[in-house]
Amino acid sequence: MGKKKGGSKADASSDDFLQTLEDFTSKENWDKFFTLRGKDDSFEWYAEWPQLRDSLLPLLRASSESSLQILVPGCGNSRLSEHLYDAGFRDVTNVDFSKVVISDMLRRNIRSRPEMRWRVMDITKLQLADESFDTVVDKGALDALMEPEVGTKLGSQYLSESKRVLKPGAKFICLTLAESHVLALLFSSFRFGWKMTVHSISQKRSSLKTFMVVAEKEMSVVLHEITSSFDLLSLGRNDAQGSGMCEALESENQIRRDCNNGSDLLYSHEDLKLGVKGDLAELTGGRRVKFTLGSNFSYRAVLLDAQKETGPFVYHCGVFLVPKTRAHEWLFCSEEGQWQVVESARAARLIMVYLDSSHNGVSMEDIQNDLSPMVTQLAPRNDDESARIPYMMASDGIKKRNTVHEVTSSMTGKVVVEDVVYESTPSNPGGLSPSSDLAFRRLVFKRTEYLIQSEALLVEDCEIVDQSQKEKTKNTSQSKRKGKRNQDTSGPIMKVSHDYLATAYHAGIISGFTLVSSYLKKAESSGNMVKTVIIGLGAGLLPMFLHGCFPFFNIEAVELDPVMLNVGKDYFGFTQDDRLKVHIADGIKYISGITNSKSSSENTSDAVSKTESNSSNNAEGGGTCPDILIIDVDSADSSGGLTCPASEFIEETFLLSVKRALPQHGLFVVNLVSRSQSVKDMVVSRMKKVFDHLFSLQLEEEDDVNVVLFGLCSESAISESDIPESAVILEGLLKCQRLETKQSIVDSTNKLKCWK
């Protein structure tokens, strides 16, 4: 279950035991936990029998089965199954992956409850027959699997297995604390072919509410709204749990209403097998369905049945793999582009599968082996049983690649600077020949090779060309006098363009300045400078762009790795001046230094002056408070589902430090990259708790990985309706040489959404 701090899951006497767990998905941790407690010391996380009995027993007794087959997954040493047995339900099977607890429970019950079964088993891989149980009673098992750091993989596998072993008409009963990421998975997993009801369990000795979610298996594919046995208003909007349940129910029911009214929906593989989009054994020209697949890995996919007039077909069914680096391209993310791929593939049915960061390091052979059984189930009927299903793949989209520089940093690992020419570019920057191949310089960390750290457009260096021409003329005349011929250089000299944004998230970050554009306008008009701090230098492209486009900005970049500064200067044209300084420092400590400096701001003016004069080289922070603070750093370890930023930068203690460091008009910006919805929900929840107002910007509709978050400190902030007017102000402040760059920033303001 999702971890709660402060002993909210158990009383204080259990704290020592709880400390042994750390990770609720670890078998070793649970074995240690149960060993410490002993076989006779049962532990109830929540919903003890006296509170649970009156709600649970009527559901079980309503079954038409004379002898109910009940499965209790993740049973632990709870007395729930014993109470069920004593209430007359003798066919109870208990499973848990801890051999320690199963052995203890078997010894505890073998004489008094001889018919009860105990089995050591992984609940995400149940070794049980299909449709063999009438009821699954889950008391905290799903919560335990849904650690925010782990993501939804284990929870999804467990729910799929639970649904598999349930008979038609059977019930899945889940007792949960109803955390938002748990409800998101639970509600979406029981859509088609299920009726859901939510009950609230009264708790006498705990401030936490326990909810009982009941899903009943149907034979139809009707999509029902979720009902509740209580008045939603009675939960209380000021109560975090109650408010969270209300929001989750309202959101899920709106999705279900929209789907019933014809709106598109991201279906699951199980939904399609149920027939929610028709009989998949038959080809239906023009059918297009977005869905998810999950086995050892999870995938986002689109099923497309070609129009009959596009035949004849070479394949009855084909799979087209799209690498992460190309998933955002029009050809693969737009409906029109996808149909073009179908036509080129010459397949009657094409299943486009999108790879992402979770597949990094996995071989194509492993991916094909993982997909093969699921794809076979999705293939249309074919008289030729020997017909194979081919796997096709888009290239990485790079036509030319040249490694410019490699260096190994003790902090970052192997760092690569490379120049690339793409097979196609989304748009041609103004002023460049459309017929020429556009070259881009990229910064890549080998530890996260799929993630481009920095990317810049390369343009011809006219200034160097002019100087080169003069030198060439001079050398030519000297050569003529000496009777020698001068050889031409191999090609034009290129430089990084600092007035073009090659990465969409940089445009997204700057578009968020709309939220404080009125303050920026006042500062410019009055001749005041706006202090902007960027944690994470990268190649220095964002600081250089801001330096050029906002002449009234004083910019300070904080970078932990000195190698990055050298790479930026040597290969990306990064330079410092009186308006742009770099601190080689720890970003966390730097912000703490500013907070401490603000707390002691009532010192003598001499001391303040001294602090300010030293601020450009102060590795521990200090100086004046920033007006804008941007976090743009990657995570050295993305195994927890967080690619950007590093987890320390979204801890509540750091966020509170940021809020103290910022003035009332301040803006806090975080570039968030994560495939895990639960991780993103966690970050959003923390920022909503700290900041008075929170806005977000999702870069692309089809890309739910990269989101930019904006926290505001002032209680009075602009609303979404004010954004167009504020965007006009920002447009007037931008001093961009390239009009299309300015327009992309302004266009991005339309994607700003208010969270709080």
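Everything here concerns the structure above.
Please read these numbers as outputs of a predicted model, since none were measured by experiment.

Caption draft 1: Summary view of the overall build of the protein. When you go through the protein residue by residue, the secondary structure sums to 24 helices and 27 strands. Of all 756 residues assigned to the protein, the portion counted as buried reaches 51%. Long-range contacts, defined as pairs at least 24 residues apart, comprise 71% of the intrachain contacts of the protein with a sequence gap of at least 6. Carbon together with sulfur atoms contributes 47% to the accessible area of the protein, which is approximately 34700 Å² in total.

Caption draft 2: Local environment of the side chain of Asp134. By the element assignment, Asp134 lies in strand E4 (residues 133-139). Residue Asp134 is classed as buried on the basis of its relative accessible area of 7%. Side chain to side chain, Asp134 and Lys167 meet in a polar contact 3.3 Å long.

Caption draft 3: Focus on the sheet that holds strand E2 (residues 92-96). The strand order E3-E2-E1-E4-E5-E7-E6-E8 describes an open sheet built from eight strands, whose pairing is mixed. Of all the strands in the sheet, just strand E3 (117-120) and strand E8 (227-228) have a single pairing partner and so form its edges. With four bridges joining them, E2 and E3 adopt parallel strand pairing. Looking at the pairing, Asn94 lines up with Trp118 of E3. Strand contacts of helix H7 (residues 153-165): strand E1 (70-73), E4, strand E5 (166-176), strand E6 (194-201) and strand E7 (210-217), with the helix running at about 140 degrees to E5, the strand carrying the most contacts.

Caption draft 4: Spotlight on empty space enclosed by the protein. Taken as a whole, this structure holds two cavities of 30 Å³ or more when the rule is applied. Together, Glu455, Ala456, Ser497, His498, Tyr500, Leu501, Ala502, His506, Leu541 and Phe545 line the largest cavity. Contributions of two or more residues to the lining of the largest cavity are made by strand E18 (452-460) and helix H17 (541-549). Here the lining of the largest cavity is composed, by residue class, of six nonpolar, three polar and one charged.

Caption draft 5: Looking closely at helix H3 (residues 49-61). Its axis deflected by about 35 degrees at Ser55, H3 carries its strongest bend there, up to four residues before the proline Pro58. Within the sequence span of H3, burial applies to Trp49, Gln51, Leu52, Leu56, Leu57, Leu59 and Leu60. Check the buried side of H3 and you find it contacts E1, helix H4 (80-86), E4, E5, E6 and E7.

Caption draft 6: Focus on the nonpolar core. Formed by 45 residues in total, the largest nonpolar core has its most connected members in Ile510, Phe513, Leu546, Phe550 and Phe553. Excluding residues within four positions of it along the chain, Ile510 makes contact with Leu501, Leu542, Phe545, Leu546, Phe550, Leu730, Leu734 and Ile745. Residues Phe133, Phe172, Phe211 and Phe230 belong to the second largest nonpolar core, which totals 37 residues.

Caption draft 7: Up close: the packing of H7 against helix H8 (residues 180-189). Here H7 crosses H8 at 35 degrees, and the two axes come no closer than 11 Å. H7 and H8 meet at a crossing whose hand is right-handed. In this structure, H7 contributes Gly155, Ser156, Leu159 and Lys163 to the contact, and H8 contributes Leu185, Leu186 and Ser189. When the residues that make up the contact of H7 with H8 are grouped by side-chain class, the tally is three nonpolar, three polar and one charged.

Caption draft 8: Structural detail: the sheet that holds strand E16 (residues 413-422). Taken in spatial order, the five strands line up as E15-E16-E17-E18-E19 in an open sheet, and their pairing is antiparallel. What marks the edges here is a single partner per strand, and that holds for strand E15 (398-409) and strand E19 (494-496). Strand-to-strand twist across the sheet, computed as the mean angle between neighbouring axes with direction ignored, equals 25 degrees. Across 10 bridges, E15 lies against E16 in antiparallel orientation. Pairing of Thr403 across the sheet is with Glu418, part of E16.

Caption draft 9: Representation of helix H15 (residues 504-511) in the model. Across the eight residues of H15, seven count as buried, placing the element largely inside the fold. What H15 keeps buried is the set Tyr505, His506, Ala507, Gly508, Ile509, Ile510 and Ser511.

Caption draft 10: Fine view of the packing of helix H16 (residues 517-526) against helix H23 (residues 723-733). One can describe the packing of H16 onto H23 by two numbers: an axis separation of 9 Å at closest approach and a directional angle of 35 degrees. Remark: the crossing between H16 and H23 carries left-handed chirality. In contact with Ser517, Ser518, Leu520, Lys521 and Glu524 of H16, H23 contributes Ser726, Ile729, Leu730 and Leu733. Residue classes in the contact of H16 with H23 are distributed as four nonpolar, three polar and two charged.

Caption draft 11: Structural context of the pattern of salt bridges. Evaluated as defined, the whole model comprises 28 salt bridges. For Arg164, the salt bridge identified is with Asp130, shortest N-O distance 2.6 Å. Here Arg164, found in helix H7, pairs with Asp130, found in the loop between E3 and E4; they are 34 residues apart in sequence, far enough to count as distant. Taking relative accessible area as the criterion, Arg164 reaches 24% and is therefore assigned partly exposed. On the accessibility criterion, Asp130 (52% relative accessible area) is exposed. The partner of Arg287 in a salt bridge is Asp305, and the shortest N-O contact between them spans 3.1 Å. With Arg287 in the loop between helix H10 (269-274) and strand E10 (288-294) and Asp305 in strand E11 (residues 298-305), this pair connects stretches of sequence that are 18 residues apart.

About the thresholds
The residue numbering used here restarts from 1 in each chain and proceeds along that chain's sequence as written. Given that this is a predicted model, residues contribute local features only at a pLDDT of at least 70 and side-chain atom pairs are listed and counted only at 80 or more, while totals for whole chains, interfaces and linings are drawn from all residues. Side-chain numbers come from the whole structure's heavy atoms, not from hydrogens or water. Each helix corresponds to a stretch of at least 4 residues labelled H or I by DSSP, and each strand to a stretch of at least 2 residues labelled E; elements are numbered beginning at the N terminus. Exposed residues in this analysis have more than 50% of their type's maximum accessible area, buried residues have under 20%, and partly exposed residues fall in between, with area computed by a 1.4 Å probe over protein chains only. Contact between two residues is taken to exist if any of their heavy atoms lie within 4.5 Å; hydrogens are not considered. In short, Shrake-Rupley with a 1.4 Å probe defines the accessible areas, and a residue's cover is counted only from the protein chains shown. Here a polar contact means two N or O atoms within 3.5 Å. Within protein one must be a hydrogen donor candidate and the other an acceptor candidate, and residues neighboring in sequence count only if both atoms are side-chain atoms. Strands are labelled as partners when DSSP assigns at least two bridges between them. What counts as an axis is a line fitted to C-alpha atoms, over the stretch in contact for a helix, and the angles between N-to-C directions run from 0 to 180 degrees. Both cavities and pockets are sets of points on a 1 Å grid over the protein atoms alone; in a cavity a 1.4 Å probe fits but cannot get out, in a pocket the set is open with protein on both sides within 12 Å along at least five of seven lines, and lining residues sit with an atom within 4 Å of a point. Grid points are joined across faces, edges and corners, and a volume is the space filled by probe spheres set on the points. Three classes are used: nonpolar for Ala, Val, Leu, Ile, Met, Phe, Trp, Tyr, Cys and Pro, charged for Asp, Glu, Lys and Arg, and polar for all others, with Gly counted as polar. Bend angle per residue: angle between axes fitted to the 7 residues ending at that residue and the 7 residues starting there. What we call a nonpolar core is a set of buried Ala, Val, Leu, Ile, Met, Phe, Trp, Tyr and Cys residues that are connected through their side-chain atoms within 4.5 Å. Handedness of a crossing is defined here by the sense of rotation of the near helix relative to the far one, left-handed for an anticlockwise turn of less than a right angle and right-handed for a clockwise turn. By definition here, a salt bridge exists when the distance from a side-chain nitrogen of Lys or Arg to a carboxyl oxygen of Asp or Glu is within 4 Å.

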